[in-house]
Amino acid sequence: MAYSSKARDFYSGELQGMKDKGIFKEERYIQSPQAASINVEYPKGAEPKQVLNFCANNYLGLSSHPDVVKAAHEALDSRGYGLSSVRFICGTQDIHNELEIQMSEFLGMEGTCLFPSCMEANAGLFDVVLTPEDAMISDRLVHASIVDGLKLCKAQMFNYKHNSMSHLEEKLQEAQSCRLRMIITDGVFSMDGDIAPLDKICDLADKYDAMVMVDDSHATGFIGKTGRGTHEYHNVMKRVDIITTTFGKGLGGATGGSVSGPKEIAEMCRQRARPYLFSNTMPPAVVAGSLKVLEILSKSTDRRDKLEKNTKYWREGLSKAGFDLKQGDTPIVPVMLYNAKLAQDIARDLYHEGIYVTGFFFPVVAQGQARIRTQISAGHEMEHLDKALAAFTKIGEKYGILGLKKDEIIAKYGL
Amino acid sequence: MSDEIKKMIIEYVKKEYLDEDSDQEIKEDTKLISSGIVDSFSMVSLKTYLEKKFSIKLPDEDATPEAFDSVNNIIELIRKFGAKV
């Protein structure tokens, strides 16, 4: 047998090492549809418990929306369960083409190429459009999927301090001898919830002749006054060249991703992107659900408006209670605790209070930046927010951190 | 000579990786990667800087997080690939 005891001991040791360092990730079993209120079995084998969910990317509350579920059901009947093919062999139905058209329309782009996920969109894009003669200039806090995509590309790599426009300008100057330049950033950064200054980025792109690529996974559907994303928020809808995004967060939360941009870029992805060419097509039910999501969002801004209102209420409530927050304008609201153990302890105590949140610490965030990342949804009702605020306040009091600033929390709990 | 080079690399690390208002001290044995000052993704700037400054080529398999984890380690690495320091 090839899987020897030596191999087993090695992997067991690695896993034990993760447990010893406190970075081993345990999954919790949810026994209900994704929603603001969910039924969770945790720890494994325990009686399921009803908790309020403040850690999902279900920003628009569409993950279990009846119209979306109905559209997916209908597609199961009319288009089947799976396609058993990649797109270019026999995995493209009329609804895949329709979703690409609708997504381009929604984002204000010429063309779209669907991928099985945004992870795969980011893994495939750069290698297709940039060569060793070109430069990719990225923010240092871009999502891990972009980092992986950049590593797969042979273009020259530059990166700049998070959201620092002076540092970006230095890098653009360094890259002036390259044939093509692409500035690469997240629209909304997932850990801090801050928004990239796309207006300034586009100005620099014009000045130094660079393309602008944005991963708007944590923005599409709700950032900007009609929810088109960070390019709408910054009034640069015609100045951002490429947007990658996901159907796995605000847009229904199932799976799937896309690259949208000039029609040549979308077509280059279709012809050459390896994750597009060699992984399965999006399942029909998910495509139909995604089409319904875009229809809902194109008809009305009610859900993104409610999300905005909920976010404002949540931020104000936590601030008033005395928590140290990362300031911002998005439904990602990080409660800063700095100490990794404190973040884990508070997350555990909140769970006992019926509030499901997660503590994040190094290496997921920078050393000494441990936090609980709360995420607000249009699916949250006022009573959900009030119950969670009361629980946060109770646990904050228990640990004596209310009203404390960064230095005071660190003085009390260390880093 | 070596001290001057160390000072130069420290200055680059401070400018390239620390916030302008940071008062963090960097010494020749300060851990850069394992402490989180420089992450493995942004390490590429430091690698490019060293290659240009010393007219050397650092192969990817040798430009590891361990080799970049302190200014002392970096000096050892660039010496190995022909830098006159």
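What you see is a predicted model, and the numbers here were worked out from it, not measured in a lab. (Residues numbered from 1 in each chain as written. Chains lettered and ligands numbered in written order. Predicted model: local features only at pLDDT ≥ 70, side-chain atom pairs only at ≥ 80, totals over all residues.)

> Before we move on, can you summarise the domain arrangement of chain A with the specific residues and values?
All names here are of chain A. Entries for chain A in the domain assignment read domain 1 (22-53 + 302-413) and domain 2 (66-299). The distance between the C-alpha centroids of domain 1 and domain 2 comes to 28 Å. Tallying the contact residues gives 13 residues for domain 1 and 13 residues for domain 2. Counting only elements with at least two residues in the side of domain 1 that touches domain 2, the list comes to α13 (302-321) and β11 (332-338). Per-element tally for the side of domain 1 that touches domain 2: the top contributor is β11, with three residues. (Domains from an automatic or database assignment. Contact = placed C-beta atoms within 7 Å. Helix = DSSP H or I, 4+ residues; strand = E, 2+ residues; numbered from the N terminus.)

> So what about the interface of chain A and chain B? Which residues, and what values?
Think of interface size as the accessible area that goes away when the parts come together; that is how it is often given. Taken together, the contacts link seven residues of chain A with six residues of chain B. Class assignment for the residues of the side of chain A that touches chain B results in four nonpolar, two polar and one charged. (Nonpolar A, V, L, I, M, F, W, Y, C, P; charged D, E, K, R; others polar.)

> Which residues make up the confidence of the model for chain B, and what are the values?
The predicted model of chain B has a mean per-residue pLDDT of 91, with 99% of residues at 70 or higher. For this predicted complex, the interface score ipTM comes out at 0.87, while the overall pTM is 0.95. (pLDDT = per-residue confidence, 0-100.)

> Can you tell me about the sheet that holds strand β9 (residues 242-246) of chain A, naming the residues and giving the values?
Residue and element names in this part refer to chain A. The seven strands are arranged β4-β10-β9-β8-β7-β5-β6 in an open sheet whose pairing can be described as mixed. In this open sheet, the two strands that pair with only one neighbour each are β4 (111-115) and β6 (156-160). Sheet twist, expressed as the average angle between the axes of neighbouring strands with direction ignored, equals 20 degrees. Where strand β7 (residues 181-186) lies against strand β8 (residues 211-215), five bridges are found, and the strand directions are parallel. (Pairing = 2+ DSSP bridges. Axes fitted to C-alpha atoms, helices over the stretch in contact; angles between N-to-C directions.)

> So what's going on with the environment of Ser-117 of chain A? Which residues, and what values?
All names here are of chain A. Note on placement: Ser-117 falls in the loop between β4 and α5 (118-129). For Ser-117, a count of 20 C-beta atoms within 10 Å translates into the label buried. Distance in space between the C-alpha atoms of Ser-117 and Lys-406 is 37 Å, their sequence separation being 289 residues. Aside from chain neighbours lying at most four places away, what touches Ser-117 is Thr-246, Gly-248, Thr-255, Gly-256 and Gly-257. (Buried ≥ 20, exposed ≤ 12 C-beta atoms within 10 Å, placed from the backbone.)

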